[in-house]
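# Coordinate analysis (summary)
Now for the letters of each chain:
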Amino acid sequence: MNVPLVNLRRNFQRHQADYNRILTETAASCQFVMGDAMRRFEEHFAAYLGVRHVLGVGSGTDALTLLLKAHNVRGKRVLTQNNTFIATALAIANAGGIITLCDTDPDNSQIAPESYTGEEVAAVLPVHLYGYPMDVEKLRRRFGNVPVFEDACQAHGSSLQGRRCGSFGKAAAFSFYPGKNLGAFGDGGAVATDDDALAEEIRSLRNWGGKVKYIHDREGGNSRLDTLQAAILDYKLGYLDQWNAIRHERAAQYRRNLADCADLTLPAPDPEGGVQNYHLFVVRLAPQFNRDEVVAELNRRGIGAGIHYPLPVNRQKVYEKYDFARMSFPVSEEAARRILSLPLCPEITPEEVDFVSENLRSVLAEQAR
Ligand SMILES: Cc1ncc(COP(=O)(O)O)c(C=O)c1O
């Protein structure tokens, strides 16, 4: 059996007739850039999230960069967590801000604001990591009125107290990279916000800094969500809740299968009043295991286990010259050595979940010897 981390091929095959029709119809409109399908998707995704504006852009990285530029963080500290995909930190640097890191909560891998004792920050950028809804109120209690921007690139459809991730802060960034819970057929991203002025700024920044053709008020760039991608995303949005519910069922099956495995810590269950979208199912191995060998053996057995992420931001070579390279972030650094992600997507079958669980158990039993 071969079980990839995410089975994009199976999704494509199941919906192929619809995908073909949507791509052909959208291409026939010849509105390849900023077409009606992009506006329709923006409206539908805004209604889904419960926000006033969604602006389609070229990627999640661009969404983060543009919202930080629109807020003008140049020369100011922006706080984020040490255990995230590098794009979160890069976006702060791209917008001219000062990357400032803090450690994470050992129970759920989310930002731990109480661990930050450094200088004042101008904005906080939590990540709903693995699709687990981070409680933004915790940040407000620690940082008062400092604006919060959400990295919701992994959190399509996750919610807390009846509200969707991406609607809690001043603005949020989404990625539509193909492997995401709402994924395009290539790169794509969006900014979500209730703030009219910020939305206007992003509308301009994504379009060379102008609202009227050939008239430019500011130095923007070129970052629009392609109409073809938006048409596919609009169709997939109709399935998002259903697909997330299947992820939940498969995650519950992993939990049942692995509950008595003392060598593993399973992901945190849904928080009170919240629902995670299980973008990733990340388990933690007991310290005696060599995580890389466990992953390599699972891969040899046809299981697409992954690591999200093997190196935290402060240990990345690109940031060697920064202060935080010499700081210690015990929780996120320890997690990075011990975590691995098991295959999970709406297309994975119950038999495949059993196969992965049995193999994980047998690899751990072998390596414990
Ligand atoms: C947490 C996080 N932030 C940012 C990004 C960047 O998104 P993109 O790959 O669309 O640029 C990703 C996705 O890859 C992500 O997982």
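Residues numbered from 1 in each chain as written. Predicted model: local features only at pLDDT ≥ 70, side-chain atom pairs only at ≥ 80, totals over all residues. Heavy atoms only, no water.

For the rest of this paragraph, the subject is the nonpolar core. One finds Phe41, Phe45, Leu49, Val54, Phe174, Phe176 and Leu182 to be the most contacted residues of the largest nonpolar core, which totals 36 residues. Only helix 3 (36-49), helix 6 (136-143), strand 8 (171-175), strand 9 (189-193) and helix 8 (227-237) provide two or more residues apiece to this core. The greatest single-element share of this core, amounting to six residues, is contributed by helix 3. When sequence neighbours within four positions are dropped, the list of residues in contact with leucine 49 reads Val54, Arg164, Cys165, Ser167, Phe174 and Ala192. Ala63, Leu101, Ala199 and Ile202 belong to the second-largest nonpolar core, a separate cluster that totals 31 residues. (Core = buried A, V, L, I, M, F, W, Y, C linked by side-chain atoms within 4.5 Å. Buried < 20%, exposed > 50% of the residue type's maximum accessible area, 1.4 Å probe, protein only. Helix = DSSP H or I, 4+ residues; strand = E, 2+ residues; numbered from the N terminus. Contact = heavy atoms within 4.5 Å.)

Summarising burial for strand 9: five of the five residues are buried, a large majority. Residues of strand 9 alternate between two faces, with Gly189, Val191 and Thr193 on one and Ala190 and Ala192 on the opposite face, all of them buried. One ladder, built from five bridges, connects strand 1 (residues 53-57) with strand 9; its direction is antiparallel. Bridge pairing links histidine 53 to threonine 193 in strand 9. Judged from the five bridges that link them, strand 8 and strand 9 form a sheet pairing that is antiparallel. Residue pairing in the sheet places alanine 172 in a bridge with alanine 192 of strand 9. (Pairing = 2+ DSSP bridges.)

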